[in-house]
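# A closer look at the structure
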Amino acid sequence: MADTIHVGMADLVAIKKTGILVTLGLGSCIGLVLFDQEKKIAGMAHIMLPDSRESASVVKPGKFADTAVPKLLDEMKALGAGKAGLKAKLAGGAQMFNIPGKSSSFLAVGARNAEATKEWLKKFGIPVVAEDTGGNKGRSVEFNMLTLMLTVKTLGMGTKEI
Amino acid sequence: MGWGEITSLQLDAVREVGNIGTGNAATALSQMTGRTVDIGVPEAKIIPIYEISEHYGSPEDLVCAVLIRTEGDLPCNFIFLIREEDSRSLADLLIPMDLSSMDEDMQAQMRESALGEVGNVVLGAFLNAISMLTGYVLPASVPSVAHDMLGAIMDVVASIFGVLGDAALLVKTSLRVKDMEHEVGGSVIMVPDPGALESLLQRLGV
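Calculation notes
- Residues numbered from 1 in each chain as written.
- Chains lettered and ligands numbered in written order.
- Predicted model: local features only at pLDDT ≥ 70, side-chain atom pairs only at ≥ 80, totals over all residues.
- Heavy atoms only, no water.
- Pairing = 2+ DSSP bridges.
- Helix = DSSP H or I, 4+ residues; strand = E, 2+ residues; numbered from the N terminus.
- Axes fitted to C-alpha atoms, helices over the stretch in contact; angles between N-to-C directions.
- Contact = heavy atoms within 4.5 Å.
- Buried area = accessible area lost by both parts, 1.4 Å probe.
- Salt bridge = Lys/Arg side-chain N within 4 Å of Asp/Glu carboxyl O.
- Polar contact = N/O pair within 3.5 Å; in protein donor to acceptor, adjacent residues only side chain to side chain.
- Nonpolar A, V, L, I, M, F, W, Y, C, P; charged D, E, K, R; others polar.
- Phe/Tyr/Trp six-rings, centres within 6.5 Å; stacked < 30°, edge-to-face > 60°.
- Buried < 20%, exposed > 50% of the residue type's maximum accessible area, 1.4 Å probe, protein only.
- Lys NZ or Arg CZ within 6 Å of the ring centre and 35° of its normal.
- pLDDT = per-residue confidence, 0-100.
- Parallel < 35°, antiparallel > 145°, perpendicular 65-115°, else oblique.
- Left-handed = near helix turned anticlockwise from the far one by under 90°.
- Arc of directions from axis to C-beta.

### What about the sheet that holds strand S8 (residues 139-144) of chain A?
Residue and element names in this part refer to chain A.
- Reading across the sheet, the 5 strands line up as S1-S3-S8-S9-S10 and stay open at both edges, with mixed pairing between neighbours. At either margin of the open sheet sits one strand with a lone partner, and together these are strand S1 (4-6) and strand S10 (158-161). Ignoring which end each strand starts from, the neighbouring axes of this sheet average 20° apart.
- Across 3 bridges, S1 lies against strand S3 (residues 20-26) in parallel orientation. When the bridges of S3 are listed, Thr4 appears paired with Ile20.

This is the structure:
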């Protein structure tokens, strides 16, 4: 049985060869997975907010889309990943509450998280090969290094592999 | 100002807001349900945003959350949080008819509407306490009800606090509805928008 590593809020983890990366109960946050199929290296980040420039300080790079993507890349390169073969999968970015007539940017932060994450992936030239974002339900995600599949569990909607 | 810089005097003041707010909320809930409602001693503390959901359970626990937003003098979000199974008993207590003859969609709609109203009444009473303490006018939005995993609900709380820094103000209140087959417990969570903290503390004179 492969090791299961839980990736907490604003954390990021890179692994080599085997392992399962898990994040439970994603709402507006994003579970981002990058992987290098050839070298068997993968990483997961649990991104909370779109842009570190809106914040006073950055204690954990995994917290923001603009800091998480380059930091996760660095961690994976340190394990030997090549930039050329990298691919991305992501899930999350839901809007848990909806108040008619109110467009609070905080309630819609999920969509901005998904957008910013994809924008940064594009800047680094990493293709998104699978995505399950948006909607109004939370998700738990699990990435298996061996199968390279991201299992997404959504309350009341079952489980799917992307 | 980040939450990490709050003084212990200010924390006491916020705890007192939580205390009075919860007292009001308990009275309202008691009137609504016709049951005795106990309140726990409220806590107010500064914790890392990454640990918020741990204070309420496990990330995949099923919960029901009702959120309302206030604008104007105090832009703030208030959440009434109960366990999913408790939300069902609470809704059924408030719906004065037998739902079993209805189809499931209809039952769900009735419960949803009852829970929105519970949230409205409980959070409205909490807001009234803040209004009385501060003199602020706090127009509240309509309630938004969500049923989901605790972790997913708490993302909302963490991301609002997270804009300012890595600390969150946890005002943990508890309400318990007695004289039911299963005792029902809930909490009110208060999440001011960035910047709203200063005005609240200033009004409280700390």
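Read on, since the account is not over.
### So, the interface of chain A and chain B
- Contact residues are listed per partner, giving 33 residues for chain A and 32 residues for chain B.
- For the pairing of chain A and chain B, the buried interface totals around 2,700 Å² over both sides, and the portion due to carbon and sulfur atoms is 67%.
- For the pair chain A and chain B, the number of links is 3 salt bridges.
- Among the salt bridges present, the one from Lys137 of chain A reaches Asp148 of chain B, with a minimum N-O distance of 3.6 Å.
- Where chain A packs against chain B, one counts 13 residue pairs in polar contact (both at pLDDT 80 or more).
- Those elements giving two or more residues to the side of chain A that touches chain B turn out to be S3 and S8 of chain A.
- Per-element accounting of the side of chain A that touches chain B gives the leading share, 3 residues, to S3 of chain A.
- By residue class, the composition of the side of chain A that touches chain B is 17 nonpolar, 9 polar and 7 charged.

### Section: the packing of aromatic side chains
- A complete count under the given rule lists 3 aromatic pairs over all chains for this structure.
- Measuring from ring centre to ring centre gives 6.5 Å for Trp120 of chain A and Phe124 of chain A, while their planes differ by 35°; the resulting arrangement is tilted.
- Judged by relative accessible area, Phe124 of chain A falls into the partly exposed class, the value being 24%.
- A cation over a ring is seen here: Lys123 of chain A above Trp120 of chain A, with NZ or CZ 4.1 Å from the ring centre.
- Positioned above the aromatic ring of Tyr56 of chain B is the side chain of Lys172 of chain B, whose terminal nitrogen or guanidinium carbon lies 5.5 Å from the ring centre.

### Let's talk about the sheet that holds strand S3 (residues 62-70) of chain B
All names here are of chain B.
- Spatial strand order, S1-S7-S8-S4-S3-S5: 6 strands in an open sheet with antiparallel pairing. Of all the strands in the sheet, just strand S1 (37-39) and strand S5 (144-149) have a single pairing partner and so form its edges. In this sheet, neighbouring strand axes are inclined to one another by 25° on average, regardless of whether the strands run parallel or antiparallel.
- Sheet topology places strand S4 (residues 76-83) next to strand S8 (residues 184-192); 7 bridges connect them, and they run antiparallel. Residue pairing across strands places Phe80 opposite Val188, the latter belonging to S8.
- The strands touched by helix H3 (residues 104-134) within the sheet are S3, S4, S5, strand S7 (175-177) and S8, with S4 carrying the most contacts at an inclination of about 130°.

### Here we look at the confidence of the model for chain B
Residue and element names in this part refer to chain B.
- Overall, the predicted model of chain B reaches an average pLDDT of 87, with 98% of residues at or above 70.
- The secondary-structure element of chain B with the lowest mean pLDDT is strand S6 (residues 167-172), recorded at 82, while S5 shows the highest, at 94.
- The ipTM for the predicted assembly is 0.89, set against a pTM of 0.89.

### A closer look at unusual backbone geometry
All names here are of chain A.
- Not every positive phi belongs to a glycine, and Ala10 is a case in point at roughly 70°.
- Here Ala10 lies in the loop between S1 and strand S2 (12-16).
- Positive phi outside glycine occurs at Leu148, with the angle close to 60°.
- Mapped onto the fold, Leu148 is located in the loop between S8 and strand S9 (149-154).
- Owing to a relative accessible area of 10%, Leu148 belongs among the buried residues under this scheme.

### Considering the packing of helix H1 (residues 8-33) of chain B against H3 of chain B
Residue and element names in this part refer to chain B.
- Interhelical geometry of H1 versus H3 gives an angle of 140° and a closest axis separation of 8 Å. As summarised for this structure, H1 and H3 are arranged oblique, according to the angle between their axes. At the point where H1 passes H3, the crossing takes the right-handed sense. Contact with H1, carried on its side by Val17, Gly18, Ile20, Gly21, Thr22, Asn24, Ala25, Ala28, Leu29 and Met32, involves Glu117, Val118, Val121, Val122, Ala125, Phe126, Asn128, Ala129, Ile130, Met132 and Leu133 of H3 and no other residues of that element.

### Some thoughts on helix H2 (residues 84-94) of chain B
- Taken as a whole, H2 of chain B has its buried residues at Asp86, Ser87, Leu90 and Ala91 of chain B. Viewed end-on, H2 of chain B has its buried residues packed into an arc of 135°, placing them on one side of the element.

### Here's the deal with the packing of H3 of chain B against helix H5 (residues 196-204) of chain B
Residues and elements named next belong to chain B.
- Relative orientation of the contacting elements H3 and H5 amounts to 55°, with a least axis distance of 9 Å. Viewed along their axes, H3 and H5 adopt a mutual orientation that is oblique. On H5, the residues that touch Ile130, Leu133 and Thr134 of H3 are Leu200, Arg203 and Leu204.
- Considered class by class, the residues forming the contact of H3 with H5 number 4 nonpolar, 1 polar and 1 charged.

### As for the pairing of S5 of chain B
Residues and elements named next belong to chain B.
- Burial runs high along S5: 6 of the 6 residues are buried.
- The pairing of S3 with S5 spans 6 bridges and is classified as antiparallel. Among the inter-strand pairings, Ala65 is bridged to a residue of S5, identified as Ala146.

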